[in-house]
Amino acid sequence: MAEPKSYRNFIDGEWVEASSRGALEDRSPADKGEVIGTFQDSGEADADAAIAAAARAFRRWRLVPAPKRAEYLFRMGEILLKRKEEYAREMTREMGKPIREARGDVQEAIDVCYHLAGEGRRLHGHTTPSELPNKACFSVRAPIGVCGLITPWNFPMAIPSWKLIPALVCGNAVVLKPASDAPLSSYHLVKICQEVGIPRGVVNYVTGSGAAVGGRLTAHPEVRLISFTGSSEVGRLVNLACADTFKRASLEMGGKNAMIVMDDARLDLAVDGAVWGAFATAGQRCTATSRIIVHKKVLKDFVDRLVERAGGLKIGDPLQESVDLGPLVNEAQLKKVMDYVQIGRDEGADPVLGGVRLTKAEYGRGFFFPPTIFTGVTPEMRIAREEIFGPVVCVLAADGLDDALAIANDTLYGLSSSIYTQDVNRAFTAARDLETGITYVNASTIGAETHLPFGGVKRTGNGHREGAAHTALDIFTEWKTVYVDYSGKLQKAQIDNG
Ligand code: UN1
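About the thresholds
Sequence order as written defines residue numbering, which begins from 1 separately in each chain. Only residues with pLDDT of at least 70 get local features here, since the model is predicted, and only at 80 or more are side-chain atom pairs given and counted; chain-wide, interface and lining totals rely on the full set of residues. For side-chain calculations, the full set of non-hydrogen atoms in the structure is used, while hydrogens and water are omitted. Following DSSP output, two strands are said to pair if at least two bridges run between them. Counting from the N terminus, the helices are the DSSP runs of H or I reaching at least four residues and the strands are the DSSP runs of E reaching at least two. Should a side-chain nitrogen of Lys or Arg be within 4 Å of a carboxyl oxygen of Asp or Glu, the pair is scored as a salt bridge. To sort residues, take the accessible area from a 1.4 Å probe on protein chains only and compare it with the maximum for the residue type: under 20% means buried, over 50% means exposed, and anything in between is partly exposed. Assignment of crossover handedness uses the view with strands pointing away from the viewer, where a clockwise path from the first strand over the helix to the second indicates a right-handed crossover. Between 30 and 60 degrees the pair is tilted, below 30 it is stacked and above 60 it is edge-to-face, where a pair is any two Phe, Tyr or Trp rings, Trp via its six-membered ring, whose centres lie within 6.5 Å. A ring is considered to have a charge above it if a Lys NZ or an Arg CZ atom is located within 6 Å of its centre and within 35 degrees of its normal. Note on contacts: a residue pair is in contact if any heavy atoms of the two residues lie within 4.5 Å. Fitted lines through C-alpha atoms serve as axes, helices being fitted only where they are in contact, and the angles separating the N-to-C directions of these axes extend from 0 to 180 degrees. Reported orientations rely on four angle classes, namely roughly parallel under 35 degrees, roughly antiparallel over 145, roughly perpendicular from 65 to 115, and oblique for the rest. A clockwise turn of the near helix away from the far one marks a right-handed crossing, whereas an anticlockwise turn of less than a right angle marks a left-handed crossing. Note that Gly is not counted as nonpolar here; it falls among the polar residues with everything else outside the nonpolar set of Ala, Val, Leu, Ile, Met, Phe, Trp, Tyr, Cys and Pro and the charged set of Asp, Glu, Lys and Arg. Here a polar contact is taken to be a pair of N or O atoms separated by no more than 3.5 Å, where protein atoms must pair a possible hydrogen donor with a possible acceptor and residues adjacent in sequence count only if both atoms sit in side chains. Nine residue types can take part in a nonpolar core, namely buried Ala, Val, Leu, Ile, Met, Phe, Trp, Tyr and Cys, and a core is a set of them joined through side-chain atoms within 4.5 Å. Boundary definitions for the domains trace back to an automatic or database domain assignment.

A. Quick look at the pairing of strand 5 (residues 31-40). Bridge count for strand 1 (residues 5-6) against strand 5 is two bridges, and the pairing is parallel. Following the sheet pairing, Ser 6 is matched in strand 5 by Thr 38. One ladder, built from six bridges, connects strand 4 (residues 23-28) with strand 5; its direction is antiparallel. Within the sheet, the bridge partner assigned to Asp 26 lies in strand 5 and is Gly 37.

B. The pattern of salt bridges, seen in detail. Applying the stated rule across the entire model yields 33 salt bridges. A salt bridge links Asp 474 to Arg 141, with the nearest nitrogen and oxygen atoms 3.0 Å apart. Placement of Asp 474 in helix 15 (residues 470-476) and of Arg 141 in strand 7 (residues 135-143) is noted, with a sequence separation of 333 residues between them. One network of salt bridges, in which partners are shared, links Asp 12, Glu 14, Arg 56 and Arg 200.

C. Fine view of the pairing of strand 19 (residues 416-420). In terms of burial, strand 19 is largely enclosed, as five of its five residues are buried. Residue alternation in strand 19 divides its side chains into two sets, Ser 416, Ser 418 and Tyr 420 and Ser 417 and Ile 419, and both sets are buried. Here four bridges tie strand 13 (residues 257-261) to strand 19, and the two strands are oriented parallel to one another. Note that in strand 19 the partner of Met 259 across the bridge is Ser 418. As paired strands, strand 19 and strand 20 (residues 438-441) are joined by four bridges and run parallel to one another. Each residue of the ladder has a partner; that of Ser 417, found in strand 20, is Thr 439. Of the crossover connections in this fold, the one passing from strand 19 over helix 14 (residues 424-433) to the parallel strand 20 is right-handed.

D. Quick look at the packing of aromatic side chains. Per the counting criterion, the structure on display carries eleven aromatic pairs. Ring geometry for Trp 15 against Tyr 187: centres 5.2 Å apart, planes inclined by 55 degrees, an arrangement best described as tilted. You can see Trp 15 sitting in strand 3 (residues 14-16) and its partner Tyr 187 sitting in helix 6 (residues 183-195), a full 172 residues away along the chain. Grouping residues by exposure puts Trp 15 and Tyr 187 together as buried. Aromatic side chains Trp 162 and Phe 454 sit 4.7 Å apart centroid to centroid with 55 degrees between the ring planes, which places their arrangement in the tilted category. Of this pair, Trp 162 sits in helix 5 (residues 158-169) while Phe 454 sits in the loop between strand 20 and strand 21 (457-458), and the two are 292 residues apart along the sequence. The exposure classification of Trp 162 matches that of Phe 454, with both residues buried. These aromatic residues form a ring-pair network of at least three members: Tyr 7, Phe 10, Trp 15, Phe 39, Tyr 187 and Tyr 205. When the ring centre of Phe 155 is taken as origin, the NZ or CZ atom of Lys 97, which lies over that ring, is 3.6 Å away.

E. Focus on the sheet that holds strand 4. The three strands lie next to each other as 1-5-4, forming an open sheet whose pairing is mixed. A single partner strand is all that each edge strand has here, and the edge strands are strand 1 and strand 4. Packed on one face of the sheet, helix 6 meets strand 1, strand 4 and strand 5 and runs near 40 degrees to strand 5.

F. How the structure looks around the packing of helix 1 (residues 44-61) against helix 7 (residues 210-219). Relative orientation of the contacting elements helix 1 and helix 7 amounts to 40 degrees, with a least axis distance of 8 Å. Classified by the angle between their axes, helix 1 and helix 7 sit oblique to one another. For the crossing formed where helix 1 meets helix 7, the hand is right-handed. Contacts from Glu 44, Ala 47, Asp 48 and Ile 51 in helix 1 reach Ala 212, Val 213, Arg 216 and Leu 217 in helix 7. Across the contact of helix 1 with helix 7, the residue classes tally to five nonpolar, no polar and three charged.

G. Layout of the side chain of Thr 471. Relative to the assigned elements, Thr 471 resides in helix 15. Side-chain polar atoms of Thr 471 contact the backbone oxygen of Arg 465, separated by 3.2 Å.

H. Focus on unusual backbone geometry. Backbone geometry places Phe 389, a non-glycine residue, at a positive phi of 60 degrees. The exposure class assigned to Phe 389 is buried, which follows from its relative accessible area of 14%. The phi angle at Lys 458 is positive, at roughly 55 degrees, despite the residue not being glycine. For Lys 458, the location among the structural elements is in strand 21. Here Lys 458 falls in the partly exposed class, since its relative accessible area comes to 33%.

I. Structural context of the nonpolar core. Residues Met 76, Leu 80, Leu 164, Ile 198 and Val 203 are the most contacted members of the largest nonpolar core, which totals 69 residues. Looking at this core, you find at least three residues from each of domain 1 (9-253 + 461-481) and domain 2 (257-441). Apart from residues no more than four positions distant in its own chain, Leu 164 is found in contact with Leu 149, Val 174, Leu 189, Cys 193 and Val 203. Among the nonpolar cores identified, the runner-up in size contains 61 residues, and Leu 267, Phe 302, Val 303 and Tyr 420 belong to it.

J. View of the packing of helix 5 against helix 6. At their nearest, the axes of helix 5 and helix 6 sit 9 Å apart, and the two run at 30 degrees to each other. Considering their axes alone, helix 5 and helix 6 lie roughly parallel with respect to each other. With respect to the hand of their crossing, helix 5 and helix 6 are arranged in right-handed fashion. The residues of helix 6 that touch helix 5, namely those facing Pro 160, Ser 161 and Leu 164, are Ser 186, Leu 189 and Cys 193. Tallied by class, the residues present in the contact of helix 5 with helix 6 amount to four nonpolar, two polar and no charged.

Written as structure tokens, this is what we have:
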């Protein structure tokens, strides 16, 4: 077997080794013997060098006209499209999502590039009349400065693109710190930034631990914004750290997403949605369906069909076209899922499917866990309240719409939700009353499109919506209000027009 390739940091337009010279191994979760590559285990000094380069580059980049900045992004989209298959395969190898889903992940990045390439010629501000004569007033979007982007492993190209691409079109310089479980996909993204000729220092890439690199990004006074996706526990710490230097923090965190299935739902459709929502990416999505709240009248029928469909999912090598469920990303994640399954059993819930680690030889080299369905779950159980981030779904019973909505909203999180019903009144009531940033009607809780606002309420987020949507511009710009008085005399607002 060839030596695994060694990947470097990208700082000030150069591919460089970390000052510590330590290495991180990126291993395949489907076969832990397979090393995908080694990455730099960087320290604070490397983060500092990247921040300094970004701060220098920002001074020039912010003055490049936005339509020009956007042309680079369009070319990035073109390259991603050409290499979609290659990048999808490498993503599947490094973090284990089935190849069809990895293609979707790369496609999200392509969509973001194309969408925001157009934004270069919009980036609309506001104009409004002045209360005084011969005076003009307008507000424009100004870049923020150096942005620290801390990204997760579950959407290793899509999520970095949600942050990197809007940051760039808005005129910011960035330091990207990817998750150590999947640094290769964002490496590809950064490589393309270099290929299309984005000026040196505008995009920097530093791999390493959250404590060393992430910690330095959040603490450094020259970083003006942190955009973070990850757990609510870490997001809270990021937010606290950002307060010290008065940084903006845009946080995308946990979920405990509910799907409601009413008695008038098309059950076949709801079962399809539940299987996709709960088990795609082996449940490792912030948007994963983690609770299914089913009307009592259809509970038995629904569960029977769900168990049958989920039991038929093909588990195995995620590079195989026909595989539905790949491995979990690493041993710690597998252990966490197994611990929660035990917690569910101890709480008295009934694992009607799965629940036991796969031991056959073909699974032995990876972190595989089967689709697991718990019935008899009640809202106060820990498995119904805490984010598991694995192929485990809880089924709860409800008496009617009000009861189902109350159960769905009884959570600390608020990312995604869904309702299956044929009744338009119920659908609109749920769309209004489900306390989440995203609600689907007759569709699963996953599958957000990049040009719509993405984010959640409660402990899921802190008020931002990201992706390529217009709301992402609010994350990566400051409003700058400009008054131009062309009267040639002193005019006093609120006083001279009183
Ligand atoms: C995430 O899990 O953090 O809506 C993002 C979806 C994907 C993005 C999920 N487009 O499922």
